[in-house]
Amino acid sequence: MSAHSDRRWAERARELEFTRLPELRRQAEGWRTGLTGLTTLLAVLVLLKGRDNLAELPQWARATATGLLVSAFVLLVAGSLLAVRAAHGVPGGEILLGGQSLRRWTEQEAARVTRALGRASVCCLLGVLLVVGALLLAWVTTSAAPDHLVDVRTSTGSVCGELVAADGQQVSLRTKAGGTVSLPQTSVVSLLPARTCGTAP
């Protein structure tokens, strides 16, 4: 490299000391925008689709998925607030007129912005992972549910379970307790699809 090139790079390095904080603020603006969008999207999806989809899950899966989604929402909101703090600083911050005081404040503020951006990115990553975990849990527990649940009403009561077989002689169901119940066709009053079964007979 030539001496002229070395001088140019040295000048650029000195300029970075003065442009580091504005550059970090611009990065924080981007994170704030992204996190706000993710948080809004999650809130809209949960409000519009969550109630119906969660109602189809077993009780333990519904509670776990709800906890994951609430935790994800909290993390995304916390990440958004950290990004806002990094992008705009603390309201009412002191304005320093002395050169050395301004330099120290700029270095400290750059360190604070870097920490806040790191925490915001961690919150974003964890929030997205929790949303993915809730979706996977809902998908796995929904697909594991029996496909052919029916509610059979007879002259003596009703039986709910997974339909195993039905012919002109009898209707066979696998109940929630794990046993198989065979009902004579003559005693069946109605056979209707069911989304879930309550207590097993």
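All figures in this text were calculated on a predicted structure; none of them were measured in a lab.

Below, the discussion takes up the overall build of the protein. Looking only at helices and strands, the protein features three helices and five strands. Counting all 201 residues of the protein, 25% fall into the buried class. Across the protein, contacts joining residues at least 24 apart in sequence account for 65% of those joining residues at least 6 apart. Of the accessible surface of the protein, which amounts to about 13400 Å², a share of 63% is contributed by carbon and sulfur atoms.

Let us now look at the pattern of salt bridges. Tallied over the entire structure, the rule returns two salt bridges. A salt bridge links Asp151 to Arg153, with the nearest nitrogen and oxygen atoms 3.3 Å apart. Given a relative accessible area of 17%, Asp151 falls into the buried group. For Arg153, a relative accessible area of 42% translates into the label partly exposed. A salt bridge links Glu162 to Arg174, with the shortest nitrogen-to-oxygen separation between them at 3.5 Å. Placement of Glu162 in strand β2 (residues 158–166) and of Arg174 in strand β3 (residues 170–174) is noted, with a sequence separation of 12 residues between them. Relative accessible area serves as the criterion here: at 22%, Glu162 is assigned to the partly exposed category.

One open sheet holds the five strands; their spatial order is β4-β3-β2-β1-β5, and the pairing between them is antiparallel. Where the open sheet ends on each side, the last strands, each with one partner, are β4 (180–184) and β5 (188–193). For this sheet, the mean inter-axis angle between neighbouring strands, taken without regard to orientation, is 45 degrees. Pairing between β3 and β4: five bridges, direction antiparallel. Paired with Arg174 across the two strands is Thr180, which belongs to β4.

Below, the discussion takes up the nonpolar core. Residues Leu35, Leu42 and Ala65 are the most contacted members of the largest nonpolar core, which totals 14 residues. Listing elements by their share of this core, those giving two or more residues are α1 (3–55), α2 (59–88) and α3 (99–143). Counting residues per element, this core draws most heavily on α2, at six residues.

A few words now on a nonpolar patch on the surface. Among the surface-exposed residues, Leu38, Val128, Val132, Leu136, Trp139 and Val140 lie close enough to one another that they form a single nonpolar patch of about 540 Å² accessible area. Take the nonpolar patch: its biggest share by element is five residues, from α3. Here Val132 shows up in helix α3. By relative accessible area, Val132 is classed as partly exposed at 40%.

Bridge analysis of strand β1 (residues 149–154) against β2 gives five bridges, and the strand direction is antiparallel. Bridging across to β2, Arg153 finds its partner in Ser158. Linking β1 to β2, which pair antiparallel, is a turn of three residues. As paired elements, β2 and β3 share four bridges and run antiparallel to each other. When the sheet's bridge partners are listed, Leu163 is paired in β3 with Leu173.

Conventions used here
- Residues numbered from 1 in each chain as written.
- Predicted model: local features only at pLDDT ≥ 70, side-chain atom pairs only at ≥ 80, totals over all residues.
- Heavy atoms only, no water.
- Helix = DSSP H or I, 4+ residues; strand = E, 2+ residues; numbered from the N terminus.
- Buried < 20%, exposed > 50% of the residue type's maximum accessible area, 1.4 Å probe, protein only.
- Contact = heavy atoms within 4.5 Å.
- Areas by Shrake-Rupley, 256 points an atom, 1.4 Å probe, with all protein chains shown as cover.
- Salt bridge = Lys/Arg side-chain N within 4 Å of Asp/Glu carboxyl O.
- Pairing = 2+ DSSP bridges.
- Axes fitted to C-alpha atoms, helices over the stretch in contact; angles between N-to-C directions.
- Core = buried A, V, L, I, M, F, W, Y, C linked by side-chain atoms within 4.5 Å.
- Patch = residues over 30% accessible without salt bridge, like charges linked within 9 Å, V, L, I, M, F, W, Y side chains within 5 Å.

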